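# Architecture at a glance
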Amino acid sequence: MSCDPEQITGFADAALDAAATAAVAAHIETCPECRAQVEAERELSARLRSLPALELPAGLEARIRHASRVRPFPVRAVRWALPLAAVLVAGLWLRGEASFVAWDLSRDHDKCFSKQPLPAKVWSGEPRAVADWFLLQGTHLPAVPERVGELALVGARYCPLASLSFAPHVYYRGATSHVSLFVVPHGVRLDDRLASHARGDSVRLLRVEGEVVGIVGEREADVQAFESALRPVLAAWAARSR
Amino acid sequence: MLPQMRSLFGAAYRMTGNAHDAEDLVQETFLRAYRALDRFESGSNARAWLHTILQRVRTDAFRRKQRRPDTVELLGEGPEVAPPQDALASGREDLERALAALPDVFRTAVVLRDVQELSYAEIAATLGVPVGTVMSRIHRGRSLLREALTRRPS
């Protein structure tokens, strides 16, 4: 290479890539001027580096610390906080809406029973065993029926709902249909009872003291039978929790 | 933070040649840095990051000054303020004076490289220019410094 003073500066600062470094290293072997420039660059750089550090002006640090505490209004945070709060409030309001809960439970009922195998965490046809399993997880459940008509208890688990909560979900299976029992894990605006249809399923929401129990099935007759079977159980449950 | 503040003040002083402007620069830089702390990538060079902010503060101040010409000079050619007392005492006044007399772009590049010890890549990112430009500015700045120093040997 021919003399390139800028490259020599980069070389002196070890800032060139491997190929350029090798080229300059070879060049300075034969070029005393460029070798001298490398020396001069490094010497000046060392002199600049050894310039004394300056003292901070009195009070500057304290002024910065003080000013950084008195921050201007955080506009950026507010811009996000308001819509976020609105979404949260709307979400909380919506999840207390009985028709939304009916839709949410029906969605979960269909999801669980469309899976092979059923995603139960406790497998038992024994109401006692299912209640004990829930008790171990910290949920007190009413004594659920062992069978209603041809529908038999098969198991249970906690299911994630669209309302961002986990609901105890008990599974019943018959030859051609299924029924789910839920305990809704959050507040619902419901006086006593809601009978409705959601997504092609029949749904009941029943208020028992502070809790709301949900029944979901594909056939209205199954759900009706379950409601009748559950009435005495729920009454006893309510009396006990009182 | 105190060592960073001292180091940044030293650089700001040598870039502006004026303690008052340097103080304003450092204060504004740190306030912006505190506000943008969530955008600092841990593991990267805090000094380079602070210098990036400092350059932005200088640019903003320069634009303000252009709109209102009566405000204090932040970017200038050779500042005429005397170098700091301790530098005089330690006999480095020639170097300080020659540095202060450099045109702004070269002085900034040399200060970032030789006083602040940033890499070429960090300086390029800080100033928003290609690495080749950084090399050329450092080269030019050091050449001018050497010329000034040989004219007035210490």
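Residues numbered from 1 in each chain as written. Chains lettered and ligands numbered in written order. Predicted model: local features only at pLDDT ≥ 70, side-chain atom pairs only at ≥ 80, totals over all residues.

A word on the overall build of chain B. The number of helices and strands found in chain B is eight helices and zero strands. The linear arrangement of helices and strands in chain B, starting from the amino end, is α-α-α-α-α-α-α-α. Within the span of chain B, comprising 154 residues, buried residues form 40% of the whole. Long-range pairs, those at least 24 residues apart, make up 62% of the contacts in chain B between residues at least 6 apart in sequence. (Helix = DSSP H or I, 4+ residues; strand = E, 2+ residues; numbered from the N terminus. Buried ≥ 20, exposed ≤ 12 C-beta atoms within 10 Å, placed from the backbone. Contact = placed C-beta atoms within 7 Å.)

Now for helix α3 (residues 46-67) of chain B. All names here are of chain B. Taking 1.5 Å per residue, 22 residues should reach 32 Å; α3 reaches 32 Å between its end C-alpha atoms and fits that length. L50, H51, I53, L54, V57, R58 and A61 are the residues of α3 that are buried. On an axial view of α3, the arc spanned by its buried residues comes to 160 degrees, and they lie on one face. Opposite the packed face of α3, turned more than 90 degrees from it, sit the exposed residues R63, Q66 and R67. Buried-residue contacts for α3 involve α1 (2-16), α2 (19-35), α6 (104-115) and α7 (120-127). (Expected span 1.5 Å × (residues − 1). Arc of directions from axis to C-beta.)

Here the focus is the nonpolar core. Among the nonpolar cores identified, the biggest contains 47 residues, and L8, F9, A12, V26, L54, A109 and V110 of chain B are the most heavily contacted of them. Dropping the residues within four chain positions of it, A12 of chain B is found in contact with A22, L25, V26 and L54 of chain B. With 32 residues, the next largest nonpolar core counts V144, L151, V179 and I215 of chain A among its residues. (Core = buried A, V, L, I, M, F, W, Y, C linked by C-beta atoms within 7 Å.)

At a minimum axis separation of 11 Å, helix α3 (residues 32-49) of chain A and helix α8 (residues 131-151) of chain B run at an interaxial angle of 85 degrees. It follows that α3 of chain A is roughly perpendicular to α8 of chain B by the angle criterion. Within the contact between the two elements, α3 of chain A uses A40, E41 and L44 of chain A and α8 of chain B uses R142, L145 and R146 of chain B. Classifying every residue of the contact of α3 of chain A with α8 of chain B by side-chain character gives three nonpolar, no polar and three charged. (Axes fitted to C-alpha atoms, helices over the stretch in contact; angles between N-to-C directions. Parallel < 35°, antiparallel > 145°, perpendicular 65-115°, else oblique. Nonpolar A, V, L, I, M, F, W, Y, C, P; charged D, E, K, R; others polar.)

A few words now on the interface of chain B and chain A. Counting residues at the interface gives 33 residues for chain B, matched by 25 residues for chain A. When residues of the side of chain B that touches chain A are traced back to their parent elements, those giving at least two are α1, α2, α4 (85-89), α6 and α8 of chain B.

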